[in-house]
Amino acid sequence: MKLLTITITIISFLSSSANAERLSTNLDNVFIKKIKCLLPGTPLERIKFSISNTSNITIEKKIVVTVLDEDGDPIDSGSKNIEVVSMSGNFYEIKVSCSSDYTYGFRFE
């Protein structure tokens, strides 16, 4: 239960609406930007976002996205292995439920 509380706290800290300009992550100098919901309400719905790496190291990790509904309750999650070289950025897509009413938490494992 304590782990769940800590996880939800972290997700709340990192989550934001899809219209946010720039989200911090649990990695220094690595940010999530340009979050967009694609094909909401269809079997192909997913989010598209960019990862901006302003650090001096290449990031090779799994990114985990948690979807929170209007009440702040987790309703979906997805993950993807990514690689972003230092001082660059890439766009990624992950198949998760999406809506303009949802918020998204991002973390690297």
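What counts, and where the lines are drawn
- Residues numbered from 1 in each chain as written.
- Predicted model: local features only at pLDDT ≥ 70, side-chain atom pairs only at ≥ 80, totals over all residues.
- Heavy atoms only, no water.
- Helix = DSSP H or I, 4+ residues; strand = E, 2+ residues; numbered from the N terminus.
- Buried < 20%, exposed > 50% of the residue type's maximum accessible area, 1.4 Å probe, protein only.
- Contact = heavy atoms within 4.5 Å.
- Disulfide = S-S within 2.5 Å.
- Pairing = 2+ DSSP bridges.
- Axes fitted to C-alpha atoms, helices over the stretch in contact; angles between N-to-C directions.

> Help me understand the overall build of the protein chain in this model?
Broken down by element type, the protein chain carries 1 helix and 8 strands. When burial is assessed residue by residue, the protein chain has 39% of its 109 residues classed as buried. Restricting the contact set of the protein chain to residue pairs at least 6 apart, pairs at least 24 apart contribute 57%.

> Would you take a moment to explain the state of the cysteines for this structure?
What makes a disulfide is a covalent bond joining the sulfur atoms belonging to two cysteines. Scanning the entire structure with this criterion turns up 1 disulfide. Put simply, Cys 37 and Cys 98 are joined by a disulfide, and their sulfur atoms are 2.0 Å apart. Between Cys 37 and Cys 98, the S-S torsion sits near 70 degrees, and that sign places the bridge as right-handed. Here Cys 37, found in strand β3 (residues 30-38), pairs with Cys 98, found in the loop between β7 (88-94) and β8 (103-108); they are 61 residues apart in sequence, far enough to count as distant.

> Just to check I follow, could you spell out the sheet that holds strand β4 (residues 46-53) for this structure?
Within a sheet, adjacent strands bond to each other through the backbone by hydrogen bonds, running parallel or antiparallel. The strand order β2-β3-β4-β7 describes an open sheet built from 4 strands, whose pairing is antiparallel. Of all the strands in the sheet, the pair left with one neighbour each is β2 (22-24) and β7. Shown here is a sheet whose adjacent strand axes are inclined to one another by a mean of 30 degrees, direction ignored. Pairing of β3 with β4 involves 7 bridges; the strand directions are antiparallel. Bridging from a neighbouring strand, Lys 36 pairs with Lys 48 of β4.

Everything listed is a geometric property; what it means functionally is a separate question.
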